[in-house]
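Close look at the chain arrangement
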Amino acid sequence: ALKTSERKYRLLHESMIDGFVSVDMSGNFQDCNEIYRNMLGYSESELAQLTYKDITPEKWHTVETNIVENQIIKRGYSDIYEKEYIRKDGTVFPVELHTVLLRDENGTPAGMWAITRDITERKYAERMIESANIELQTALLREQQLARTDPLTGVHNRRHLYEVAEHELQVASRYEQTLSVMMYDIDHFKKVNDTFGHKAGDQILKLVTNTACAELRSADVIGRYGGEEFIIILPMTNTQQAVQLAERIRVNVAALNLTTPKGVAAVTLSIGIVEFRHATLEETIENIFRRADEAMYAAKQAGRNRSEIR
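Nothing here was measured: the structure is a model prediction, and the numbers come from that model.

**A closer look at the overall build of the protein chain**
When you go through the protein chain residue by residue, the secondary structure sums to ten helices and twelve strands. In terms of overall dimensions, the protein chain is more spread out than a globule: its C-alpha atoms have a radius of gyration of 37 Å, far above the 19 Å expected for 310 residues. Principal-axis analysis of the C-alpha atoms places the extent of the protein chain at approximately 110 × 55 × 25 Å. Relative to its full complement of 310 residues, the protein chain shows a buried share of 42%.

And the structure:
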């Protein structure tokens, strides 16, 4: 009966698809199946000279000691947990374990049995999924950014400009803060395109945008309203402060020169500035933008290369 029982025991743990190992409370190997030995690359006699700590990277020793003390000994088994093993050839690989406690006839802890699974493929699949998720999130963020950004100048496009402007208007209204809006247009831009070419025109648009952005605060918002027209939203700024900013931008842009195969291109700006009217119930973004456009048109009528407040 004893031999039959032993044969059944051997047949059971040799037919398992996972590794089986038995150790004493000091961690010395007492028994294991072929799956476990092949997993590590050791023979049965070689494992008999080792403890489970010898095949475990040092960074896991404290973790596993805590599991033995706080789970296995206290309640008789562990949660399924992950760690790493070191093969005979020195390579490290991830494993998953579930360990149970063995007691002698007096109830004293005598050893532990563990079912061990090599989870290298699963970890690889998890990394691939994680990498794919990161790529997907990056692609989504890129698409969202493209949906909000003017592709040539990199500032907000018209649709997103309206969304941000609406938010800034609500904040200014709720907290009774000042808010100014500046609209500028590149003077005679069609002539620039006709004279120097559309490539030069695109370069001018980017140069002017970069020049304007260099003068803005982090709270300020700039967007391309259409063609060569741009809008700048200035939170907590009155028109007198806004005109000082406008003049810096205007002067800096007037000093720009772009060398092209057809000569040197230079441009100026006409700028309109308005302030949010708290007392006017009908004051909307559309209304503010319309007034800024009228102020900009007044600057053009007055000779261009200037700022006008309305």
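**Some thoughts on the nonpolar core**
Within the largest apolar cluster, 29 residues are counted, with the highest numbers of intra-cluster contacts made by Met 182, Tyr 184 and Ile 204. Breaking this core down by element, the ones donating at least two residues are β6 (179-186), α7 (189-196), α8 (198-213), β8 (229-235), α9 (239-254) and β11 (269-275). No other element matches α9, which puts six residues into this core. In contact with Ile 204, other than residues within four places in its own chain, are Ile 186, Phe 189, Val 192, Leu 258, Ala 265 and Val 267.

**Remarks on the sheet that holds strand β5 (residues 109-118)**
Strand order in this open sheet of five strands is β2-β1-β5-β4-β3, and the pairing throughout is antiparallel. With one partner strand each, in any of the chains shown, β2 (29-32) and β3 (81-86) form the two edges of the open sheet. Across the sheet, the mean angle separating the axes of adjacent strands is 35 degrees when strand polarity is ignored. Both strand β4 (residues 92-103) and β5 contribute to a ladder of nine bridges, which runs antiparallel. Within β5, the position partnered with Leu 101 by the bridge is Met 112. The sheet contacts of helix α4 (residues 61-75) involve β3, β4 and β5, and relative to β4 the element is tilted by about 35 degrees.

**So, α8**
With 16 residues, α8 extends 22 Å between its outermost C-alpha atoms, agreeing within 8% with the 22 Å of an ideal straight helix rising 1.5 Å per residue. Along α8, the residues that are buried comprise Ala 200, Gly 201, Ile 204, Leu 205, Val 208, Thr 209, Thr 211 and Ala 212.

**Details of the sheet that holds β11**
Strand pairing within a sheet occurs via backbone hydrogen bonds; the two strands may be parallel or antiparallel. The five strands are arranged β7-β8-β6-β11-β12 in an open sheet whose pairing can be described as mixed. Looking at which strands have only one partner, the edges of the open sheet turn out to be β7 (221-226) and β12 (306-309). The average undirected angle you get between the axes of adjacent strands in this sheet is 20 degrees. Bridge count for β11 against β12 is four bridges, and the pairing is parallel. Within β12, the position partnered with Ile 271 by the bridge is Ser 307. Most of the contacts of helix α10 (residues 285-301) go to β11, to which it runs at about 140 degrees, and overall it touches β6, β7, β8, β11 and β12.

**Considerations on unusual backbone geometry**
One non-glycine residue, Glu 176, lies in the positive phi region at around 50 degrees. Following the sequence through the fold, Glu 176 ends up in the loop between α6 (158-174) and β6. Residue Glu 176 is classed as exposed on the basis of its relative accessible area of 68%. The backbone of Met 236 shows a phi angle near 50 degrees, a positive value even though the residue is not glycine. Structurally, the position occupied by Met 236 is in the loop between β8 and α9. Assessed through its relative accessible area of 54%, Met 236 is described here as exposed.

**Focus: the pattern of salt bridges**
Evaluation of the coordinates by the stated rule reveals 22 salt bridges. Of the charged contacts in the structure, one is a salt bridge between Asp 187 and Lys 300, with a shortest N-O distance of 2.9 Å. With a gap of 113 residues between them, Asp 187 in the loop between β6 and α7 and Lys 300 in helix α10 connect regions that are remote in the sequence. Exposure class is identical for Asp 187 and Lys 300. Each is buried.

**Considerations on the side chain of Ser 270**
Take Ser 270: it is sitting in strand β11. Judged by its relative accessible area of 0%, Ser 270 falls in the buried class. Of the polar contacts made by the side chain of Ser 270, one reaches the side chain of Asp 187; its length is 2.6 Å. Ignoring any residue separated from it by four or fewer positions in sequence, one finds Ser 270 in contact with Met 183, Tyr 184, Asp 185, Asp 187, Met 296, Ala 299, Lys 300, Arg 304, Asn 305 and Arg 306.

About the cut-offs
Residues numbered from 1 in each chain as written. Predicted model: local features only at pLDDT ≥ 70, side-chain atom pairs only at ≥ 80, totals over all residues. Heavy atoms only, no water. Helix = DSSP H or I, 4+ residues; strand = E, 2+ residues; numbered from the N terminus. Rg over C-alpha atoms; globule rule 2.2 N^0.38 Å. Buried < 20%, exposed > 50% of the residue type's maximum accessible area, 1.4 Å probe, protein only. Core = buried A, V, L, I, M, F, W, Y, C linked by side-chain atoms within 4.5 Å. Contact = heavy atoms within 4.5 Å. Pairing = 2+ DSSP bridges. Axes fitted to C-alpha atoms, helices over the stretch in contact; angles between N-to-C directions. Expected span 1.5 Å × (residues − 1). Salt bridge = Lys/Arg side-chain N within 4 Å of Asp/Glu carboxyl O. Polar contact = N/O pair within 3.5 Å; in protein donor to acceptor, adjacent residues only side chain to side chain.

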